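# Residue-level structural notes
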Amino acid sequence: MTFEHWLAFAAASAVMLAIPGPTVLLVVSYALGHGRKAARATVAGVALGDFTAMTASMLGLGALLAASAMLFTVLKWIGAAYLIYLGIKLWRAKPVIAGAGEAAETRPLRIFAHAYVVTALNPKSIVFFVAFLPQFLVAGAPLLPQMVVFEATFLVLATLNATLYGLLAAGARTTIRKPRVQLAVNRIGGSLLIGAGVLSLGLRRATA
């Protein structure tokens, strides 16, 4: 693998990751609602979810999803339903007053699990990796080392991207301490997650 191949992959990945998707919306929503502690848990879940999706692609699940309409549809509906569930839950969440039961509300392990499921169950991500990675592989060179480098690069970029969104949202949270403003933020974030879930139902294998 040449440096030019790696740089092209890194640049393309950075551009793709910068575009907000369901996982970024989840990171921002939790960071706004619960602060940096929740943002860190969400970022960790996103990183592990991306690792799962890329590994599944390498093992052939992406090709299977691309070939099986039923499997793709089932996974798509599960992921969309979960996003809508999280959106409704966030929309109905009550404002959290700093220092008053905030730790109990945050529950990092639960937030980590939510972020992981949303990221790992996105069939578009799995199929995307199958279509995306081969464009940067060097024919004739050992496959495994290239895949390891590309996967590590993507995970680092994905983690940095989610961390940046989380820190920006957590920083903005200090300016929205009023319960009425927090309630509005929760409902906006919840509505966006619900919208992302509904939009994901329109994914097709041909465009994934």
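Residues numbered from 1 in each chain as written. Predicted model: local features only at pLDDT ≥ 70, side-chain atom pairs only at ≥ 80, totals over all residues. Heavy atoms only, no water.

## Brief notes about the overall build of the protein
- Along its length, the protein carries 10 helices and zero strands.
- Counted from the first residue to the last, the protein has its helices and strands arranged as α-α-α-α-α-α-α-α-α-α.
- Evaluated residue by residue, the protein yields a buried proportion of 39% over its 208 residues.
- Of the contacts made within the protein by residues no fewer than 6 positions apart, 88% connect residues no fewer than 24 positions apart.
- About 10,900 Å² of surface is accessible on the protein, with carbon and sulfur atoms providing 72% of the total. (Helix = DSSP H or I, 4+ residues; strand = E, 2+ residues; numbered from the N terminus. Buried < 20%, exposed > 50% of the residue type's maximum accessible area, 1.4 Å probe, protein only. Contact = heavy atoms within 4.5 Å. Areas by Shrake-Rupley, 256 points an atom, 1.4 Å probe, with all protein chains shown as cover.)

## Observations concerning helix α2 (residues 22-34)
- Between its first and last C-alpha atoms α2 spans 18 Å; for 13 residues at 1.5 Å apiece the expected length is 18 Å, and the two agree.
- Count one or two residues on from α2 and you reach Gly-35, which has phi positive near 95 degrees. (Expected span 1.5 Å × (residues − 1).)

## Examining the environment of Ala-38
- One can find Ala-38 in helix α3 (residues 36-58).
- Take Ala-38: its relative accessible area is 0%, and that puts it in the buried class.
- Taking C-alpha positions, Ala-38 is 9.1 Å from Ala-170, a pair spaced 132 residues apart along the chain.

## Quick word on the side chain of Thr-42
- You can see Thr-42 is positioned in helix α3.
- Taking the relative accessible area as the measure of exposure, Thr-42 reaches 0% and is therefore buried.
- Non-local contacts of Thr-42, meaning those with residues more than four positions away in its chain, are made with Leu-26, Val-27, Tyr-30, Ile-111 and Ala-115.

## Overview of the environment of Ile-84
- Tracing the backbone shows Ile-84 in helix α5 (residues 69-92).
- If we ignore the near neighbours within four places in the chain, the residues touching Ile-84 are Ile-194, Gly-197 and Val-198.

## Concerning the packing of α2 against helix α9 (residues 143-173)
- Relative to each other, α2 and α9 sit at 30 degrees, their axes nearing to 8 Å. When the axes of α2 and α9 are compared, the pair comes out roughly parallel. For the pair α2 and α9, the sense of crossing is right-handed. Contact residues: α2 offers Val-24, Val-27, Val-28, Ala-31, Leu-32, Gly-33 and His-34, while α9 offers Asn-161, Ala-162, Tyr-165, Gly-166, Ala-169, Ala-170, Ala-172 and Arg-173.
- Taken together, the residues that form the contact of α2 with α9 break down as 10 nonpolar, four polar and one charged. (Axes fitted to C-alpha atoms, helices over the stretch in contact; angles between N-to-C directions. Parallel < 35°, antiparallel > 145°, perpendicular 65-115°, else oblique. Left-handed = near helix turned anticlockwise from the far one by under 90°. Nonpolar A, V, L, I, M, F, W, Y, C, P; charged D, E, K, R; others polar.)

So, to be careful, I would describe these as geometric facts and stop short of saying anything about function.
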